[in-house]
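Commentary on secondary and tertiary structure
So the chains spell out like this:
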Amino acid sequence: MAGDMEGFSEAVVIRGQECPYDPARHLARILCANCSHTNEVEVWIEKGEPAFMGFVCEKCGFWNGPQ
């Protein structure tokens with residue numbers, strides 16, 4: 001993951017937390033529920049709400065299911 005915030009010009013709320021969001025690439029930076037590592041995850045806005053399929057943390061391997 002790049003250390004800069006280029007492209008992350010918006011924010012979405014996922015699991016009660018505000019996450020940086022890049023609307024052009026449909027990516028959000030979401031914290032792992034297990035180890036709090038930041039992961040870049042594909043997120044789509046559906047009916048005004050963020051939606052994602054879940055992800056495996058790139059640091060600890062924990063499955064973070066969809067919200």
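Above this text sits the structure in question.
This section reports on the structure supplied with the text. (Residues numbered from 1 in each chain as written. Predicted model: local features only at pLDDT ≥ 70, side-chain atom pairs only at ≥ 80, totals over all residues. Heavy atoms only, no water.)

Here the focus is the packing of aromatic side chains. The tally for this structure, following the rule as stated, stands at one aromatic pair. With centroids separated by 6.1 Å and ring planes inclined at 50°, the aromatic side chains of Phe52 and Phe55 adopt a geometry described as tilted. Lying across the ring of Phe8, Arg29 places its NZ or CZ 4.0 Å from the centre. (Phe/Tyr/Trp six-rings, centres within 6.5 Å; stacked < 30°, edge-to-face > 60°. Lys NZ or Arg CZ within 6 Å of the ring centre and 35° of its normal.)

What follows covers the nonpolar core. Counting ten residues, the largest nonpolar core consists of Val12, Ile14, Cys19, Tyr21, Ala28, Ile30, Val41, Val43, Phe52 and Phe55. Mapped onto this core, the elements with two or more residues apiece are strand E1 (10–14), strand E2 (17–22) and strand E3 (27–31). With residues up to four places along the chain from it excluded, the contact list for Val43 reads Ile14, Tyr21, His26, Ala28, Ile30, Pro50, Ala51 and Phe52. (Core = buried A, V, L, I, M, F, W, Y, C linked by side-chain atoms within 4.5 Å. Buried < 20%, exposed > 50% of the residue type's maximum accessible area, 1.4 Å probe, protein only. Helix = DSSP H or I, 4+ residues; strand = E, 2+ residues; numbered from the N terminus. Contact = heavy atoms within 4.5 Å.)

Turning to the environment of Ala11, a few remarks are in order. Following the sequence through the fold, Ala11 ends up in strand E1. C-alpha of Ala11 to C-alpha of Ile30: the two residues are 19 residues apart in sequence and 11 Å apart in space. For Ala11, the residues in contact, after removing those within four places along its chain, are Glu18, Cys19 and Tyr21.

With that out of the way, let us pick up the state of the cysteines. Under the criterion given, the structure shown has zero disulfides. Take Cys57: it sits in no disulfide, and the sulfur closest to it among the cysteines is that of Cys35, at 3.7 Å. (Disulfide = S-S within 2.5 Å.)

Inspection of the secondary structure assignment puts Asn39 in strand E4 (residues 38–42). A polar contact of 3.0 Å, which involves the side chain of Asn39, links it to the backbone oxygen of His37. One polar contact links the side chain of Asn39 to the main-chain amide nitrogen of Glu58, over a distance of 2.9 Å. (Polar contact = N/O pair within 3.5 Å; in protein donor to acceptor, adjacent residues only side chain to side chain.)

Interpretation in functional terms is not warranted from these geometric data alone.
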